[in-house]
Amino acid sequence: MKWALLLAIPILVVVLSLSGPHVSHLTLGHFLLHIATAVLVVLPVYLAVNAYARTGSRRFLLLTAAFVALAAREITLSYFMISGTTATVGDIPVDHLLGLVALVLLTAAFLVKEQ
């Protein structure tokens, strides 16, 4: 069951990539880059979730949240590229904001002190 959930991320990216009206403007390399990124983000999410479940550490909770934010960023970016749309918060694209959230969470994971 765990692997089915983890495989949902790259499958979602592939489905979004193949279903959009703007697929013709993507090169094969660009398309494969997004597929590879979606597939590769699954492993750190899986490992961080398992580490948090095993330890209950705040550090691993933050690390899990950072990798989930990276996965959400990739899905969002792929959707925006394929659909030709965008969503912003103010004038900041959502995928950029998710990237910033991931970096902040990753930094917090390194800086948090366990008690």
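Structural data are supplied above this passage.
Description of the structure in this document.

Observations concerning the overall build of the protein
And then number 1: Of the regular secondary structure elements, the protein holds five helices and two strands.
And then number 2: The order of α-helices and β-strands along the protein, N terminus first, is α-α-α-α-β-β-α.
And then number 3: Counting contacts in the protein only where the partners sit at least 6 residues apart, residues at least 24 apart contribute 67% of the total.

Some words on the side chain of Thr64
And then number 1: As for its position among the elements, Thr64 is in helix 4 (residues 58-83).
And then number 2: Discounting residues that sit within four places of it in the chain, Thr64 has contacts with Ala48, Val49 and Tyr52.

Focus: the nonpolar core
And then number 1: Among the nonpolar cores identified, the biggest contains five residues, and these are Val45, Ala48, Leu63, Phe67 and Ala109.
And then number 2: Among the secondary structure elements, those contributing two or more residues to this core are helix 3 (42-55) and helix 4.
And then number 3: Leaving out residues up to four positions away in the same chain, Ala48 has contacts with Phe60, Leu63, Thr64 and Phe67.

Description of the side chain of Thr76
And then number 1: Within the fold, Thr76 resides in helix 4.
And then number 2: Judged by relative accessible area, Thr76 falls into the buried class, the value being 18%.
And then number 3: At 2.7 Å, the side chain of Thr76 and the backbone oxygen of Ala72 are in polar contact.
And then number 4: Every residue in contact with Thr76, bar those within four places of it in the chain, is listed here: Val94, Asp95 and Leu98.

Digging into helix 5 (residues 94-111)
And then number 1: Taking 1.5 Å of rise per residue, 18 residues should cover 26 Å, and helix 5 covers 26 Å from first to last C-alpha, within 8% of that figure.
And then number 2: Buried within helix 5 are the following residues: Asp95, Gly99, Ala102, Leu105 and Ala109. Looking straight down helix 5, one finds that the buried residues subtend no more than 130° of arc, so they occupy a single side. Of the exposed residues in helix 5, the ones pointing more than 90 degrees away from its buried face are Leu103 and Leu111.
And then number 3: Contact partners of the buried residues in helix 5: helix 4 and strand 2 (92-93).

Quick word on the packing of helix 3 against helix 4
And then number 1: Interaxial distance between helix 3 and helix 4 falls to 8 Å at its minimum, and their mutual angle equals 160°. Relative to helix 4, the element helix 3 lies roughly antiparallel. Judged by the sense of rotation from one axis to the other, the crossing of helix 3 with helix 4 is left-handed. Only Phe60, Leu61, Leu63, Thr64, Phe67 and Val68 of helix 4 make contact with helix 3, whose side of the interface consists of Pro44, Val45, Ala48, Val49, Ala51, Tyr52 and Thr55.
And then number 2: In terms of residue class, the contact of helix 3 with helix 4 is built from eleven nonpolar, two polar and no charged.

Topic: the environment of Ala108
And then number 1: You can see Ala108 is positioned in helix 5.
And then number 2: A sequence separation of 45 residues divides Ala108 from Leu63, and the C-alpha atoms of the two residues are 8.4 Å apart.

Procedures and definitions
Residues numbered from 1 in each chain as written. Predicted model: local features only at pLDDT ≥ 70, side-chain atom pairs only at ≥ 80, totals over all residues. Heavy atoms only, no water. Helix = DSSP H or I, 4+ residues; strand = E, 2+ residues; numbered from the N terminus. Contact = heavy atoms within 4.5 Å. Core = buried A, V, L, I, M, F, W, Y, C linked by side-chain atoms within 4.5 Å. Buried < 20%, exposed > 50% of the residue type's maximum accessible area, 1.4 Å probe, protein only. Polar contact = N/O pair within 3.5 Å; in protein donor to acceptor, adjacent residues only side chain to side chain. Expected span 1.5 Å × (residues − 1). Arc of directions from axis to C-beta. Axes fitted to C-alpha atoms, helices over the stretch in contact; angles between N-to-C directions. Parallel < 35°, antiparallel > 145°, perpendicular 65-115°, else oblique. Left-handed = near helix turned anticlockwise from the far one by under 90°. Nonpolar A, V, L, I, M, F, W, Y, C, P; charged D, E, K, R; others polar.

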